[in-house]
There are 2 protein chains.
Amino acid sequence: MTDYKYKCSCCGKEFGKELIEENFLYLCPECGLAERNQPLKGVMNIFYDYDELDSNLDRNKFLRLNAGNFSGYKDLLPVKHIDDDIRINLNPRIYNINHAGDTIKIFDDTLNPTLSLKDRASILACLKARELDIPDVCTSSTGNAGSSLAGISAILGLRSHVFVPSRIPISKRVQIQSYGSKIYIIDGTYDDAFDLCNEVASAKKWYNRNTAYNPLTIEGKKTAAYDIFISCSGEIPDSLFVPAGDGVIISGLYKGFYDLLELGFIGKIPHLIAVQAKGSNALVRFMESDKFIFNKTDTIADSIDAAAPRNLYMAVDSVRKTAGIALSVSDNEILEAQKYLAAHHGIFCEPSAASVFAAYLSIRNQGFESYYKNAMLCITGNGLKDTKALSDWNIVPEIYNYDEIRSQLMLK
Amino acid sequence: MTDYKYKCSCCGKEFGKELIEENFLYLCPECGLAERNQPLKGVMNIFYDYDELDSNLDRNKFLRLNAGNFSGYKDLLPVKHIDDDIRINLNPRIYNINHAGDTIKIFDDTLNPTLSLKDRASILACLKARELDIPDVCTSSTGNAGSSLAGISAILGLRSHVFVPSRIPISKRVQIQSYGSKIYIIDGTYDDAFDLCNEVASAKKWYNRNTAYNPLTIEGKKTAAYDIFISCSGEIPDSLFVPAGDGVIISGLYKGFYDLLELGFIGKIPHLIAVQAKGSNALVRFMESDKFIFNKTDTIADSIDAAAPRNLYMAVDSVRKTAGIALSVSDNEILEAQKYLAAHHGIFCEPSAASVFAAYLSIRNQGFESYYKNAMLCITGNGLKDTKALSDWNIVPEIYNYDEIRSQLMLK
């Protein structure tokens, strides 16, 4: 770990790490504001002394690191000690698929310890909780952040508390409970769960992993950019399609590439393309009007179901600074994309992750070459994370006896 | 690939690979017999010219290979070409946990492409099907072998057909269907599905991955032993606890260690400890009486639910030759083990995999030091493979509104 400081993404003020961490602050002490059902104000980023780092870090050496292993990134992570327990190693896989004559790069983060990209944030948050001697960690979640925090806590020996909306998919709920986490199901939305987690964490002095609210969630997710850089041998894609709910994955990717840019390892940050569901598209609407309006949401893609994206402003910034775009796709398009990816490319992912393929097809149909040529799709969660979504379209086939099936098949 | 030959595990006769493969034979041409609801006779193994290999393979070089990557093992696998598509790489993780003062080694194969150890067999079978120019592959399955074949086929561009019993867990069923596989649900048991698959494959000239029946399933699973050898830096455990249904995983582990022994890389093969469910324990009963009796099965651990273990004789041999034992544990012990592993060690696995921890506890209570000291548990399938098993014990907690949860927590 090198020295680092916190900087507010709204007012731009900088704060030493002692002030923030010893006082258990998360948002900007000057302008931070967490209001019910509103995007957060004063979300902070963490910055390093890149000049100092520059003299220690070498591009070629960095490229020889093992992707998915936080230990190699220790100079660029805000924790004192990174556990060498291989159970917290990630399993990112980067490969190409061919679709209608195009080569598409895939960043597949579905085989991580708890089967989603969220492990990146949970690992960093849990390591920090341990560093601060806080035995209890908590988060709100649509499902993946919660099952991730539950799993990583179980591995690292922390107690976890997870606040979820009542429409959480069964698989994610049982995953959270199996890991021994205490689950609180709220008769309300994810947005309600988020606010409740903040209130309770503050009163109970639990370490709060709430996404965006805790700047380490952004720092954790930024490691996806490092893994992409390494796995592509430094030849990063021109654009990146990213599912966007609260907007922390996209902000994390921006931050990771920003670090690499500051270190002189890359020449520019890929266009970031935020993908939302039509039934939960606050970020897309903000991009068009510069206004946040709270609308009720409705989508099958639970991981990107967020009426008030907590990291809205930083996510919008990430898209704009990289000359990216935000777009939304229908539940039907998402479902078709999910089916297609599994059956034709063996990529078995949950609906929110499949949304990026639907968005890719849409962008390609519209002819936006700079976005779809040399593009990478971020696949953020495994298909088994939401069995319910799958069983809706994979209906039980008719059941026959031995002789019936034999004669049906033999006659063909 | 070096030269290899097939050898019958019953009559001991050897056959050239051309004879077997060009005629699409699987069992021994002399004594092979696949009868309804009976263990197979004449299951074959594949052997290499170890003397020739010995001069090319070096222990230290082998130890520097990447575990989970078939390419490194190409001299010891019976296929001409191993695809370098990283999507077929495995993600084995080997680590220690502490339990009641003991260190237990874990071989965790739950983060493979389709989340179970079965991928090892499916990869090899699919590569062989491609080599033989057969576009259709098939298998019977309690769930994991089928979802594995479906996923690996989708990655490698083959058509797959999967025969399953009606009690297949939902998660495994939808995984098979999502990958675009044709699924046939039989009103019967896994054992019926096995026999039906054999009949149909033979008539339709599909490549048959049926476990044990196809010797490549044993050769594929043996790679787990290589991965263990590499991940332990050559210091393999003294005993290995392995879930046993058809008995192919345990036979594969035996074969992998046998290869290493022949090459002079290890001094002896670990005691192999076959773990079954009390409700499906044909192997345990055979060990005691030397008789196979077909009994109806009943267990929550679907992956080891097999009334007629197809590889019974080879599995028994593997246990006996390594001075191991076979034992069975109750569904209740399995369930408790599943809960404990997830909550206390962050190991999230399906019931059949958890059975090995239950067996470890039982062996430890009985004081069999040579079996439980320096032991390794083989965790063969992810927890999300069977959501139903999890939702039975992780019941939905009561749902409260925002203020109710807040006041409940704040008052504590």
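Look up: the structure comes first, before these words.
Everything numeric in this text was worked out from a predicted model, so none of it was measured.

Conventions used here
- Throughout, residues of each chain are indexed from 1 in the direction in which the sequence is written.
- Lettering of chains starts at A and numbering of ligands starts at 1, both following the order in which they are written.
- Reporting in this predicted model follows two pLDDT cut-offs: at least 70 for local features of residues, and 80 or more for side-chain atom pairs to be given and counted; totals over whole chains, interfaces and linings ignore these cut-offs and use all residues.
- Processing note: side-chain calculations cover all non-hydrogen atoms of the structure and skip hydrogens and water entirely.
- Angles run from 0 to 180 degrees between N-to-C directions of axes, and those axes are lines fitted to C-alpha atoms, restricted for helices to the stretch in contact.
- Secondary structure elements are defined from DSSP: runs of H or I of at least 4 residues count as helices, runs of E of at least 2 residues count as strands, and each element is numbered from the N terminus.
- Here the word oblique covers every angle except those under 35 degrees (roughly parallel), over 145 (roughly antiparallel) and from 65 to 115 (roughly perpendicular).
- For any helix crossing, the convention is left-handed if the near helix is rotated counterclockwise from the far helix by under a right angle, and right-handed if that rotation is clockwise.
- Whether two residues are in contact is decided by their heavy atoms, any of which lying within 4.5 Å being enough.
- For this classification, Asp, Glu, Lys and Arg are treated as charged, while Ala, Val, Leu, Ile, Met, Phe, Trp, Tyr, Cys and Pro are nonpolar and the rest, including Gly, are polar.
- Only protein atoms enter the 1 Å grid used here, on which a cavity is any set of points holding a 1.4 Å probe that cannot leave and a pocket is any open set flanked by protein within 12 Å on both sides along at least five of seven lines; residues with an atom within 4 Å of a point are listed as lining.
- Grid points are joined across faces, edges and corners, and a volume is the space filled by probe spheres set on the points.
- Whenever a carboxyl oxygen of Asp or Glu lies within 4 Å of a side-chain nitrogen of Lys or Arg, that contact is scored as a salt bridge.
- Buried residues are those whose accessible area, probed at 1.4 Å on protein chains only, stays under 20% of the maximum for their type, while exposed residues exceed 50% and partly exposed ones sit between those limits.
- Here the copies are matched by least squares. The fit uses the C-alpha atoms of residues with pLDDT of at least 70 in both.
- Two rings belonging to Phe, Tyr or Trp (six-membered ring only in the last case) form a pair when the distance between their centres is within 6.5 Å. Interplanar angles under 30 degrees mark stacking, angles over 60 mark edge-to-face geometry, and anything in between is tilted.
- Geometrically, a charge over a ring is one whose NZ (Lys) or CZ (Arg) sits within 6 Å of the ring centre while staying within 35 degrees of the ring normal.
- Nitrogen and oxygen atoms within 3.5 Å of one another constitute a polar contact, given that in protein one can donate a hydrogen and the other can accept it, and given that sequence-neighbouring residues count only through two side-chain atoms.
- Note on pairing: DSSP must find at least two bridges between two strands before they are called paired.

**Focus: the packing of helix α10 (residues 248-262) of chain B against helix α12 (residues 312-321) of chain B**
For any two helices packed against each other, one specifies the crossing angle of their axes together with the interaxial distance. All names here are of chain B. Viewed as axis vectors pointing N to C, α10 and α12 meet at an angle of 50 degrees, and their least axial separation amounts to 8 Å. With respect to each other, α10 and α12 are oriented oblique. Relative to α12, the crossing made by α10 is left-handed. Of α12, the residues touching α10 (which contributes Ile250, Ser251 and Tyr254) are Met314, Ala315, Ser318, Val319 and Lys321. For the contact of α10 with α12, the class distribution of residues is five nonpolar, two polar and one charged.

**Details of the layout of surface pockets**
One way to see where empty space is left: roll a probe the size of a water molecule over the atoms. Here the largest pocket is characterised by a volume of approximately 1,000 Å³. Along the wall of the largest pocket there are 30 residues; nearest its centre are Ala67 and Asn91 of chain A together with Asn66, Ala67 and Asn91 of chain B. Taken together, the elements giving at least two residues each to the lining of the largest pocket come down to β4 (93-99) and α9 (223-231) of chain A together with β4 (93-99) and α9 (223-231) of chain B. Grouping the amino acids of the lining of the largest pocket by side-chain chemistry returns 15 nonpolar, twelve polar and three charged.

**With respect to the pattern of salt bridges**
Under the criterion given, the structure shown has 60 salt bridges over all chains. The partner of Lys5 of chain B in a salt bridge is Glu14 of chain B, and the shortest N-O contact between them spans 3.3 Å. The class for Lys5 of chain B is partly exposed, based on a relative accessible area of 33%. Salt bridges here are not isolated pairs; linked through shared partners, they connect Arg36, Asp191, Asp192, Asp195 and Arg310 of chain A.

**Things to note about the relation of the copies chain A and chain B**
Aligned on chain B, chain A shows an RMSD of 0.0 Å; the corresponding rotation is 180 degrees and the shift along the axis is 0.0 Å. Those values place the two copies in the arrangement expected of a two-fold rotation axis. When C-alpha distances to the rotation axis are compared across chain A, the minimum falls at Leu111 of chain A, with a value of 2.8 Å. Most of the interface of chain A is mirrored in chain B, where 100% of its interface residues are also at the interface.

**Remarks on the packing of aromatic side chains**
Evaluation of the coordinates by the stated rule reveals 46 aromatic pairs over all chains. Where Tyr190 of chain B meets Phe194 of chain B, the ring centres are 6.2 Å apart and the plane angle is 75 degrees; that geometry is what we call edge-to-face. Linking Tyr190 of chain B with Phe194 of chain B, this pair stays in helix α7 (residues 190-204), spanning four residues, or about one helical turn. For the pair formed by Tyr190 of chain B and Phe194 of chain B, the shared burial category is buried. Pairwise contacts between aromatic rings join Tyr4, Tyr6, Phe47, Tyr48, Tyr50, Tyr254 and Tyr258 of chain A into one cluster. In this structure, Arg36 of chain A packs its charged tip against the face of Tyr402 of chain B, placed 4.2 Å from the ring centre. In this structure, Lys17 of chain B is placed above the aromatic ring of Tyr4 of chain B, and the distance from its NZ or CZ to the ring centre is 5.1 Å.

**Side note on the environment of Arg59 of chain A**
Residues and elements named next belong to chain A. In this fold, Arg59 is placed in helix α3 (residues 59-63). Assessed through its relative accessible area of 30%, Arg59 is described here as partly exposed. Linking Arg59 and Asp317, residues 258 residues apart in sequence, is a C-alpha distance of 27 Å. Discounting chain neighbours no more than four positions away, the residues touching Arg59 are Phe229, Gly234 and Phe265. For Arg59, the side chain forms a polar contact with the main-chain oxygen of Phe265, separated by 2.8 Å.

**Things to note about the sheet that holds strand β13 (residues 375-379) of chain A**
Residue and element names in this part refer to chain A. Reading across from one edge, β4-β5-β13-β10-β11-β12 is the order of the six strands in this open sheet, with mixed pairing throughout. Only two strands of the sheet have a single neighbouring strand rather than two, namely β4 and β12 (325-329). Geometrically, the sheet is characterised by an average inter-axis angle of 25 degrees between neighbouring strands, direction not taken into account. Most of the contacts of helix α11 (residues 282-289) go to β12, to which it runs at about 135 degrees, and overall it touches β11 (271-277) and β12.

**Re the sheet that holds strand β2 (residues 14-16) of chain B**
All names here are of chain B. Across the sheet, three strands lie side by side as β2-β1-β3; this open sheet has antiparallel pairing. Strands with a single pairing partner mark the edges of an open sheet, and in this sheet they are β2 and β3 (44-48). Strand-to-strand twist in this sheet, taken as the mean axis angle between neighbours without regard to direction, amounts to 35 degrees. Sheet topology places strand β1 (residues 4-8) next to β2; three bridges connect them, and they run antiparallel. Bridge pairing in β2 places Tyr6 opposite Phe15.

Taken by themselves, the reported measurements are silent on function.
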